[in-house]
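Commentary on secondary and tertiary structure
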Amino acid sequence: MANKKDNATPQTLGLLVEFEDQDQLLKACEAVRDAGLTKTDAHVPFPVHGIDEALGIRPTVLPWLVLAMGLTGGATGLAMQYFMNATVQPGALFSGYPYMISGKPEFSLPANIPVTFELTILLSAFGALFGMLALNKLPNFSNPLFRHKNFARATNDRFFLTIDATDPKFKANKHREMLEKLSPITIDELEADPSSDQIPTFLKYVVIVFLAALTVPPMLVWNARNTTSPLPRIHPIQDMDNQLKKKTQTTSQVFADGRSMRPRVPGSVARGEWQPIDYLTGIVPGGEMTENVALLQDEEAKPADDAQPAEEQPAVDAPADGEPAAAEGAAVEGEDKPPEPDWVTSFPETLDVDTALIERGQARFNIYCAVCHGVSGEGNGLVSLRAFEMEQPTWVQPTNLHDPNVTKQPVGRVFNTITNGIRKMPAYGAQISPEDRWAIVLYLKALQKSRDATIQDVPQIEADALKGQGN
């Protein structure tokens, strides 16, 4: 037989038939198929339609293998989660560990789908990869076809048919005579590689050392789990433990001011946080004070490091005995007034002036302003009353917001006063957002207007209700 092993002569592995065109190859494939041979293959330089049917190639079992591996992975993932999370076996070597979280069920199918899905995909991929390798008998480090002098032309202009000698119906002489009738270029016998198939000795030692090294990690894990140590655990990845960084409120030798925290670059505006300059300052754009718009935006976000509670701030100049103190917002006699900017006189167009904004302004006013100015704005807040009770010599009564000098101020100036402060009143620009500052201004204007309101300013329905109450 052609495949019989003989130590004196090279072992025959099969026949290699070379053709000049694909038509001859197709006829040869049909002939070997009709002869009952199944261990055959064709090698062509380009795809040939119908060659699979001519060789009688049956569909591969690889899809079924992938399906089986996928189902195995899904079932394993689901069973593993159920065993670990919903069962417990006291005293057993392997036991589940039910962990109750917020009264949720120990086992819930939707919560276990992600792991089940991942294991399904993982084992399906393994089945596809390793199944393909196994079915193709790969890796194959030595193929007798590559030692044939003409086989390289299989990628150029020749068509080859191979018949494996291990096919049960293979008859070398019989099939050679059959194929010679199809006018092939050559019919050659494939011979086994005569070189030794023994693994080199040095490679054996390398494999032994490698396998021995693989036992080291599990031994270290076993030792760590069964012993105690005063040293911290080993972190292979040290990125989270040792980071090149400077923490807040620490010093640094890198910068001239010696601070690790860096202030924002003057003039920078965060993406999406740009606002019109009149909205942020209460000043009409175009004047001297609005030349550098970006700088003003930066000043808008500057924290009020010097802001202190009003009751802790002494007045700039203590009043002399028997003389009235100067309140914030009131002009000091003899003081040189700086030139007034061009204040805006109406609320910004980007602001929705409605009842909701007034109600928010009232809430912000009661939080930030009423403690000094009082709920009614008359300058009699709790802080001021307490200061007078304690006879604080440097305390100055807050401004009465119904004073004519205040009521006639444009909305832009009131907004600027809240933002930057005035005299002993601190700046609230860093504590109150621009929208809330405009809301306070809106509520203050409504509060001032209510002082001098007449019955004609009240809506008719509410006026009738007041009259019904005898007011």
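In this text the structure is predicted, and so the values were computed from the model without any measurement. (Residues numbered from 1 in each chain as written. Predicted model: local features only at pLDDT ≥ 70, side-chain atom pairs only at ≥ 80, totals over all residues. Heavy atoms only, no water.)

Our next topic: the overall build of the protein chain. Looking only at helices and strands, the protein chain features 16 helices and four strands. Residues counted as buried form 27% of the 471 residues belonging to the protein chain. A fraction of 68% describes how many contacts in the protein chain between residues 6 or more apart in sequence connect residues 24 or more apart. (Helix = DSSP H or I, 4+ residues; strand = E, 2+ residues; numbered from the N terminus. Buried < 20%, exposed > 50% of the residue type's maximum accessible area, 1.4 Å probe, protein only. Contact = heavy atoms within 4.5 Å.)

Glancing now at the pairing of strand β3 (residues 159-164). Extensive coverage of β3 is indicated by the burial of five of its six residues. Two elements, strand β1 (residues 12-19) and β3, share six bridges in a ladder whose sense is antiparallel. Bridging across to β3, V17 finds its partner in L161. The pairing of strand β2 (residues 40-43) with β3 spans four bridges and is antiparallel. The partner of T40 across the bridge, within β3, is I163. (Pairing = 2+ DSSP bridges.)

The next subject is the packing of helix α3 (residues 62-86) against helix α4 (residues 109-135). Relative to each other, α3 and α4 sit at 145°, their axes nearing to 7 Å. The chirality of how α3 crosses α4 is right-handed. When the residues that make up the contact of α3 with α4 are grouped by side-chain class, the tally is 13 nonpolar, 14 polar and no charged. (Axes fitted to C-alpha atoms, helices over the stretch in contact; angles between N-to-C directions. Left-handed = near helix turned anticlockwise from the far one by under 90°. Nonpolar A, V, L, I, M, F, W, Y, C, P; charged D, E, K, R; others polar.)

So, on to the UniProt feature "transmembrane region" (unreviewed entry) in the protein chain. Those places that UniProt annotates as "transmembrane region" (unreviewed entry) correspond, in this numbering, to residues 61-84, 115-135 and 202-222. The distance separating the terminal C-alpha atoms of residues 61-84 is 34 Å; by composition the span is 96% helix and 0% strand. Counted over residues 202-222, helix gives 95% and strand 0%. Its end C-alpha atoms are 31 Å apart. (UniProt positions renumbered as here; feature names shortened; annotations may be inferred.)

Turning next to the sheet that holds β2. Overall, antiparallel pairing links the four strands, which are arranged β2-β3-β1-β4 in an open sheet. A strand with exactly one partner marks an edge of an open sheet, and here the two such strands are β2 and β4 (186-191). Mean inter-strand twist for the sheet, computed between neighbouring axes without regard to direction, equals 20°. Together, β1, β2 and β3 form the strand contacts of helix α1 (residues 22-34), whose direction differs from that of β3 by roughly 15°. Helix α5 (residues 172-180) contacts β1, β3 and β4 of the sheet and is inclined by roughly 150° relative to β4.

Let us now look at the pattern of salt bridges. If charged atoms from side chains of opposite charge come close, those side chains can pair. On inspection of all chains with the given rule, the structure shows ten salt bridges. Across the pair E389 and R386 runs a salt bridge, and its minimum N-O distance is 3.9 Å. Separated by three residues within a single helix, E389 and R386 lie in helix α12 (residues 382-389), roughly one turn from each other. The network of salt bridges with shared partners includes E18, R153, D157 and R158. (Salt bridge = Lys/Arg side-chain N within 4 Å of Asp/Glu carboxyl O.)

What follows is about the nonpolar core. Of all hydrophobic cores here, the largest spans 25 residues; its most connected members are F365, I418, W438, I440 and V441. Elements with a contribution of two residues or more to this core: α8 (277-281), α10 (355-368), α14 (411-420) and α15 (434-451). If you tally residues by element for this core, the top one is α15, at eight residues. Dropping the residues within four chain positions of it, V441 is found in contact with F347, V411, V414, F415 and I418. Of all hydrophobic cores here, the second largest spans 22 residues; its members include F19, L25, A165 and I187. (Core = buried A, V, L, I, M, F, W, Y, C linked by side-chain atoms within 4.5 Å.)

Next up on the list: a nonpolar patch on the surface. On the surface, I199, F202, L203, V206, V207, F210, L211 and L214 cluster together to form a nonpolar patch covering roughly 770 Å² of accessible area. Take L214: it is sitting in helix α6 (residues 201-214). (Patch = residues over 30% accessible without salt bridge, like charges linked within 9 Å, V, L, I, M, F, W, Y side chains within 5 Å. Areas by Shrake-Rupley, 256 points an atom, 1.4 Å probe, with all protein chains shown as cover.)

Assignment of secondary structure puts R364 in helix α10. For the buried residue R364, which engages in no salt bridge, the nearest side chain bearing the opposite charge is D436, 4.4 Å off. If we skip the residues at most four places from it in the chain, R364 touches C369, D436 and I440. (Lys, Arg positive; Asp, Glu negative; His and termini not counted.)

Another point: the confidence of the model for the protein chain. In this model, the protein chain carries a mean pLDDT of 84, and residues with pLDDT of at least 70 account for 86%. Scored below 50 in pLDDT, residues 1-6 shows eight contacts in the model against residues more than four places distant or in partner chains. Per-residue pLDDT stays below 50 along residues 291-334; that stretch engages in 69 contacts with residues further than four places along the chain or on separate chains. (pLDDT = per-residue confidence, 0-100.)

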